[in-house]
Amino acid sequence: GGALQVKARIDDADPARPLEGRIVVRRFHVVNAPILARLLSILAVSGIRDALTGRGIAFTTFDMPFSFSNGLLQITDGRAFGWSLGMTFGGTVDVDAETVDVAGRLVPFYTVNNVLGRLPLLGSVMTGGERGAGVFSAAYRVVGPLDDPAVSVNPVSVLFPGFLRWLLEVLSNWSGAGIDAISNDAGLPAP
């Protein structure tokens, strides 16, 4: 379900004919999404994960700015959100090599999380200034072959409101260093 809108522009003057645009989808449900199910399983958000097997997780908006050139899809500042779940994402998909390297934040209980982040004065401090990241969110990364990428989530990042996440990252180049991210694949670096 939902409404899909794609706006894009091809640069014919460039021999690579790069494509730049934005994909927006409104009012839809996600079902049978194995990578999203793995992310939610690692984060232990079973109620939301279980919705993937029924009618699906309802999203109100999916917004993905992108560029595509020479078989490489670059995603910047992507976000999707609904009542129960929000997520940010960015990275690359190499269509020719059939690989993915995307990272972002999962925002459980998005509506409540987002309302807290919109509080005057305190909201940007509580979210660390990250658009769409919510007050409490978990960093994740999906990397590897498109048909079976490695998925990791840093669940400890949920414990730190946005400002503390930002402060830790700035002051100590912290990305979960010293705290092992939970992953379905051994050896995957923390997001």
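Placed above this text is the structure.
Residues numbered from 1 in each chain as written. Predicted model: local features only at pLDDT ≥ 70, side-chain atom pairs only at ≥ 80, totals over all residues. Heavy atoms only, no water.

1. Side note on the pattern of salt bridges
Thinking step 1. Tallied over the entire structure, the rule returns three salt bridges.
Thinking step 2. Between R22 and D63 there is a salt bridge whose closest N-O contact spans 2.6 Å. With R22 in strand β2 (residues 19-30) and D63 in strand β3 (residues 57-69), this pair connects stretches of sequence that are 41 residues apart.
Thinking step 3. R22 sits in the partly exposed class, given a relative accessible area of 37%.
Thinking step 4. Take D63: its relative accessible area is 9%, and that puts it in the buried class. (Salt bridge = Lys/Arg side-chain N within 4 Å of Asp/Glu carboxyl O. Helix = DSSP H or I, 4+ residues; strand = E, 2+ residues; numbered from the N terminus. Buried < 20%, exposed > 50% of the residue type's maximum accessible area, 1.4 Å probe, protein only.)

2. So, the layout of surface pockets
Thinking step 1. Its volume calculated, the largest pocket comes out at about 570 Å³.
Thinking step 2. When contributions to the lining of the largest pocket are tallied by element, the ones reaching two or more residues are β2, α1 (34-43), β3, β4 (72-81), β5 (85-94), β6 (99-108) and β7 (138-145).
Thinking step 3. Of the residues that constitute the lining of the largest pocket, the class distribution is 22 nonpolar, no polar and no charged. (1 Å grid on protein atoms, 1.4 Å probe; cavity = no way out; pocket = protein on both sides within 12 Å on 5 of 7 lines; lining within 4 Å. Points joined across faces, edges and corners; volume = space filled by probe spheres on them. Nonpolar A, V, L, I, M, F, W, Y, C, P; charged D, E, K, R; others polar.)

3. A few points about the nonpolar core
Thinking step 1. In terms of nonpolar packing, the biggest core is built from 26 residues, with L36, L39, F59, M87, F89 and Y140 touching the most fellow members.
Thinking step 2. Sorting the residues of this core by element identifies β2, α1, β3, β4, β5, β6, β7 and β8 (150-154) as the ones contributing at least two each. (Core = buried A, V, L, I, M, F, W, Y, C linked by side-chain atoms within 4.5 Å.)

4. Observations regarding the packing of aromatic side chains
Thinking step 1. Applying the stated criterion across every chain, the model contains two aromatic pairs.
Thinking step 2. Their ring planes at 10 degrees and their centres at 5.5 Å tell us that F28 and F59 sit as a pair that is stacked. Here the residue F28 occupies a position in strand β2, and F59 occupies one in strand β3, the gap between them amounting to 31 residues. As far as burial versus exposure is concerned, F28 and F59 are alike and both buried.
Thinking step 3. Consider the rings of F62 and F89, whose centres lie 5.5 Å apart with planes at 25 degrees: the pair is stacked. Placement of the pair is F62 in strand β3 and F89 in strand β5, with a sequence separation of 27 residues. (Phe/Tyr/Trp six-rings, centres within 6.5 Å; stacked < 30°, edge-to-face > 60°.)

5. Quick look at the pairing of β6
Thinking step 1. The element β6 is extensively covered by neighbouring structure, given that seven of its ten residues are classed as buried.
Thinking step 2. Direction of pairing for β5 relative to β6: antiparallel, over a ladder of ten bridges. The partner of L85 across the bridge, within β6, is P108.
Thinking step 3. Counting the residues between successive antiparallel strands, the hairpin from β5 to β6 contains four residues, one of them, E98, with a positive phi of roughly 55 degrees.
Thinking step 4. Sheet topology note: the β6/β7 ladder contains eight bridges and is antiparallel. If you follow T99 over to β7, its bridge partner there is P145. (Pairing = 2+ DSSP bridges.)

6. Points about unusual backbone geometry
Thinking step 1. One non-glycine residue, R17, lies in the positive phi region at around 50 degrees.
Thinking step 2. Relative to the helices and strands, R17 is located in the loop between β1 (3-10) and β2.
Thinking step 3. In this structure, N70 is a non-glycine residue whose phi angle is positive, near 50 degrees.
Thinking step 4. Assessed through its relative accessible area of 63%, N70 is described here as exposed.

7. Section: the pairing of β4
Thinking step 1. Across seven bridges, β3 lies against β4 in antiparallel orientation. Counted as the bridge partner of F62 is A80 from β4.
Thinking step 2. The turn linking β3 back onto β4 is made up of two residues, and N70 within it adopts a positive phi angle of 50 degrees.
Thinking step 3. One ladder, built from eight bridges, connects β4 with β5; its direction is antiparallel. Residue L73 lies in a different strand from β5, and its bridge partner there is V93.
Thinking step 4. The hairpin turn running from β4 into β5, its antiparallel successor, is three residues long.

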